[in-house]
Amino acid sequence: MTANLLDFDLEGLAAFCEQLGEKRFRAVQLFRWIHQKGAANFADMTDLARSLREKLPGVCTIADLPVLSRQDSTDGTIKWLFDVGDGNAVETVFIPEDDRGTLCISSQAGCAVGCRFCSTGHQGFSRNLTTGEIVAQLWHAEHFLRRHLKKGGERVITNVVMMGMGEPLQNYSALVPALRVMLDDHGYGLSRRRVTVSTSGVVPMIERLALDCPVALAVSLHAPNDALRDDLVPLNRKYPIAELLDACLRYLPAAPRDFITFEYCMLDGVNDQPEHARQLLELLKGHGERGVPCKINLIPFNPFPDSGLTCSPRPVVLRFGQILNEGGVVTTVRKTRGDDIDAACGQLAGDVLDRTNAASRLAQRRETTARPIRIVRKERQA
C-alpha cells in the first residue's frame, strides 16, 4: 500500500524519507513542491535527484480528493463537494473578502454531536477524515484558486477555519498534523492567529491543543445557561458551561490571541431575548477572578428542513448585540455568505450516510422537547 504524502506533516515526511534512505533536506524539498507549488507529479520536482524521482511513484502518492461538484456564489463564495469514499462526501467553502481569503474546512464525514441548529448534525456521523483528507481540501482549493483567479504563485488563502462538517477535536489525532502543515513555513506558512479551530466544547482536547498546537479557538456556545445549552448542544451534558469556560481560561496563556471567540447562533424565541443577553454578560464577566476575555460572534441561523427552528429577526439580533456591546463585551454580527449555494454557517451537510441514526434520534428529541424561552435567574439572597 502506497503512502499518501498529504498525510504527513514535515516531521512525518522526514521520517518517511529516512525509511527510503534519504536525507532530511529531501523531505523539505518534497514538502515545498507539494504545498507551496501544488505539484502532484514527481517528475516535475526538478531539484530532486533523478533516482528519488524514479523511486517515489512506486512507494507513495499525492492523493487529491475527487470533486463531486463545485458551486460558485454570486458573492464570490465557492463551495466544493469532495468524495471521501463509501458513499460519503464533505464540503469545503472559500469565502473571499477584500483583505483576506478564508477557507472553511471539514474534519469529519458528518458529525456525532447533534446540535439542534446544525444541518450536518442532522445527517449523522460516518467517520473521521484522515490528515491527508483534511489537508487535501486546502491543497486543492489553494492551487485551484491560484489558477482560477490567475494569481500565479501568490497565496490566495490567508485564513483557515476548522468550521466545516464535524467536530474537529473529536478527530484530534488527524487534526494536529494537518494544523502543523498549515502553519509550517515550508508549507502554507499561515499565522497561528489566522488558523482557527471551532469546537462545541470537548474540554479534554481543548487542554491538549494548548500543549500540542495552540491556534485561535472558537467555541460554539449558543446559550447562557446549562438548561438551554443541554437542549441545543448535547455535548454540554458531558462538559457543562462552567467546565468549558475553565478550559478556555487555561487555554488562553498558550493562545495566539488574548481572547476566545464565542459563537452564538440566533434562534427566534429560543436564545435571543434581552434577558438571555444579560445572563450571557453575567456568565462571561463573572466567571473566574476577572471573567473570560472574549469576543462574541452572533450568527444568523440558516434554516434547513425539519430543524423546527427559525432565525431571529434582524432587529432582535441587533438589540441582542447592543446589550452585549454596552455591557463591555465586543460583539459582532456575522455577515452571511454563500446563501444561494447553501454554503453558510450550519448548512453544510454533504451526502453523508447516517450510520448513527442521528436523524431518527433528533426527530425524537424534537417531538419530546418543549421549546419555551428558557431563562434561568439566580435567586436573590435575603
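For the structure, check the block above.
Values in this document were obtained by computation on a predicted structure and should not be read as measured data.

### Let's talk about the packing of aromatic side chains
Next, step 1: Summed over all chains, the structure comprises five aromatic pairs.
Next, step 2: Looking at Lys 37, its charged tip hangs above the ring of Trp 33, at a distance of 4.0 Å from the centre.

### Regarding the pattern of salt bridges
Next, step 1: If you walk through the whole model with that rule in mind, you get twelve salt bridges.
Next, step 2: Here Glu 11 makes a salt bridge to Arg 24, at a shortest N to O gap of 2.8 Å. Taken together, the residues span a long stretch of sequence, with Glu 11 in helix α1 (residues 10-19) and Arg 24 in helix α2 (residues 24-36) at a distance of 13 residues.
Next, step 3: Residue Arg 250 pairs with Glu 207 through a salt bridge whose shortest N-O separation is 2.2 Å. Residue Arg 250 is located in helix α9 (residues 241-251), and its partner Glu 207 is located in helix α7 (residues 203-212); the two are separated by 43 residues in the primary sequence.
Next, step 4: Given a relative accessible area of 31%, Glu 207 falls into the partly exposed group.

### Re the pairing of strand β3 (residues 67-72)
Next, step 1: With five bridges joining them, β3 and strand β4 (residues 78-85) adopt antiparallel strand pairing. The residue of β4 that forms the bridge with Arg 70 is Trp 80.
Next, step 2: Taken together, β3 and the strand that follows it, β4, pair antiparallel across an intervening segment of five residues, in which Gly 76 is found at a positive phi of about 95°.

### Re unusual backbone geometry
Next, step 1: Unlike most non-glycine residues, Lys 150 shows phi in positive territory, near 55°.
Next, step 2: Here Lys 150 lies in the loop between α5 (131-148) and β9 (159-162).
Next, step 3: According to the relative accessible area criterion, Lys 150 is exposed, its value standing at 74%.
Next, step 4: For His 222, which is not glycine, the phi dihedral falls at a positive 70°.
Next, step 5: As for its position among the elements, His 222 is in the loop between β11 (216-220) and α8 (226-232).
Next, step 6: Judged by relative accessible area, which is 3%, His 222 ranks as buried.

Calculation criteria
- Residues numbered from 1 in each chain as written.
- Predicted model: local features only at pLDDT ≥ 70, side-chain atom pairs only at ≥ 80, totals over all residues.
- Heavy atoms only, no water.
- Phe/Tyr/Trp six-rings, centres within 6.5 Å; stacked < 30°, edge-to-face > 60°.
- Lys NZ or Arg CZ within 6 Å of the ring centre and 35° of its normal.
- Salt bridge = Lys/Arg side-chain N within 4 Å of Asp/Glu carboxyl O.
- Helix = DSSP H or I, 4+ residues; strand = E, 2+ residues; numbered from the N terminus.
- Buried < 20%, exposed > 50% of the residue type's maximum accessible area, 1.4 Å probe, protein only.
- Pairing = 2+ DSSP bridges.

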